[in-house]
Amino acid sequence: MLRQPTRSRPSVAKAERSVRALVKGQQTKASIVDAALRIATQVGLEGLSIGAVAEAMGMSKSGVFAHFGSRDELQISVVREYSARFQSQVFEPAMVPPRGLPRVRALFDHWMRFTSAELDSGCIFISGAVEFDDRPGPVRDALVAAVGDWVEAMMRAVAQARHEGHLVADADEQQIGFEIHGLILALHYEARFLQRPGAVERALRGFNNILARYSA
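Bear in mind that the values here come from a model prediction, so they are computed numbers and not experimental data. (Residues numbered from 1 in each chain as written. Predicted model: local features only at pLDDT ≥ 70, side-chain atom pairs only at ≥ 80, totals over all residues. Heavy atoms only, no water.)

## Here we look at the overall build of the chain
How we decide: Per the convention used, a helix needs a DSSP run of H or I reaching at least four residues, while a strand needs a run of E reaching at least two, with both numbered from the N terminus. Whether a residue is buried, partly exposed or exposed follows from its accessible area with a 1.4 Å probe, protein chains only, as a fraction of its type maximum: under 20%, in between, or over 50%, in that order.
If you tally the helices and strands in the chain, you get 9 helices and 0 strands. In the chain, the succession of α and β elements from N to C terminus is α-α-α-α-α-α-α-α-α. Each of the 216 residues in the chain was classed as buried or not, and the buried ones make up 36%.

Here you go:
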């Protein structure tokens, strides 16, 4: 019987060092993205720079650059991280209630909580749309994909509510999704920019008015 060759101790040690270096590199990159996201919520994606992140992390610019390779890639990583947090805090918990209006309400409720928590900082989706609305490129593509996924998720939930008989048969999920999305945009404008009190309550009232119009 042929014996399988055993790996020498130096080879095993080298492999272990490579794994540790990979894990450490991934952890460092995750920390950089977290710091970059905190900066972007204050100054926007356009205000984000390798230098600002390096200063926040206590690293050299070349050290940060080595993990991303370009400012665009850093911005895209921030968009993806923000989208992942939105997914875990808004979309995933909203999938627990049954299909229909309970799920639509859960999506909006979790979205409102997420939005209300960031009124003192800012929404990457909203500020990014202003910064990159007329600037084609990979950063804009990442933003469009992230926002599009959320809007489509809301429209799917509305369509399911119609199929469950909770909404009138001719309820248009695109129109309802448009109106709900408009409430969130208005909430940011009223609460963050104009600083008018009661914006959250008005947004909730607007949502209930939408459902009342289309309820079966």
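## A few points about helix H8 (residues 173-193)
Selection rule: Any helix carries an expected span of 1.5 Å times its number of residues minus one. Should any heavy atoms of two residues lie within 4.5 Å, those residues are considered in contact. Any pair of N or O atoms that falls within 3.5 Å is considered a polar contact. Within protein, one atom must be able to donate a hydrogen and the other to accept it, and sequence-neighbouring residues count only if both atoms are side-chain atoms.
With 21 residues, H8 extends 29 Å from end C-alpha to end C-alpha; this agrees with the ideal 30 Å at 1.5 Å per step. Along H8, the residues classified as buried are Ile176, Gly177, Glu179, Ile180, Leu183, Ile184, Leu187 and His188. On its buried face, H8 is in contact with helix H5 (101-117), helix H6 (124-132), helix H7 (138-163) and helix H9 (199-214). The N-cap of H8, judged by a side-chain oxygen 2.9 Å from the amide nitrogen of Gln174 a few residues on, is Asp172. Two residues or fewer after H8 comes Gln195, characterised by a positive phi angle close to 55°.

## Some details on unusual backbone geometry
Phi angles above zero are rare outside glycine, and Gln195 is one such case at about 55°. Inspection of the secondary structure puts Gln195 in the loop between H8 and H9.

## Regarding the packing of H6 against H7
Think of two packed helices as two axes; the pair is described by the angle between the axes and how far apart they sit. Heads up, the condition is: Comment: axis = line fitted to C-alpha atoms, over the contacting stretch for helices; angle = value between 0 and 180 degrees taken between N-to-C directions. Oblique is the label for any angle not under 35 degrees, not over 145, and not in the 65 to 115 range, which are roughly parallel, roughly antiparallel and roughly perpendicular in turn. Left-handed describes a crossing whose near helix is turned anticlockwise from the far helix through less than a right angle; right-handed describes the clockwise counterpart. Throughout this entry, Asp, Glu, Lys and Arg are counted as charged residues, while Ala, Val, Leu, Ile, Met, Phe, Trp, Tyr, Cys and Pro are counted as nonpolar. The remaining residues, Gly among them, count as polar.
Two numbers describe how H6 lies on H7: the axes approach to 10 Å, and their chain directions differ by 140°. Accordingly, the angle class assigned to the pair H6 and H7 is oblique. Like other packed secondary-structure pairs, H6 and H7 cross with a definite hand, here left-handed. Residues Ile124, Phe125, Gly128 and Phe132 of H6 form the contact with H7, whose participating residues are Val139, Arg140, Leu143, Ala146 and Val147. Each residue belonging to the contact of H6 with H7 can be placed in one class, and the counts come to 7 nonpolar, 1 polar and 1 charged.

## Focus: the side chain of Thr41
Assignment of secondary structure puts Thr41 in helix H1 (residues 9-43). In this structure the side chain of Thr41 is engaged in a polar contact, spanning 2.7 Å, whose partner is the backbone oxygen of Arg38. Excluding residues that lie within four positions of it along the chain, Thr41 makes contacts with Ser121, Gly122, Ile124 and Arg192.

## Some remarks on the pattern of salt bridges
Selection criterion: Salt bridge, as used here: a side-chain nitrogen of Lys or Arg that lies within 4 Å of a carboxyl oxygen of Asp or Glu.
Taken as a whole, this structure holds 9 salt bridges when the rule is applied. The closest approach of N and O atoms between Arg38 and Asp34, which form a salt bridge, is 2.4 Å. On the criterion of helical spacing, the pair formed by Arg38 and Asp34 is a turn pair, its members being 4 residues apart in helix H1. The exposure class assigned to Asp34 is partly exposed, which follows from its relative accessible area of 26%. In this structure, the salt-bridge partner of Arg196 is Glu190, at a minimum N-O distance of 3.3 Å. For Arg196, a relative accessible area of 43% translates into the label partly exposed. A network of salt bridges, in which partner residues are shared, links Asp34, Arg38, Glu81 and Arg85.

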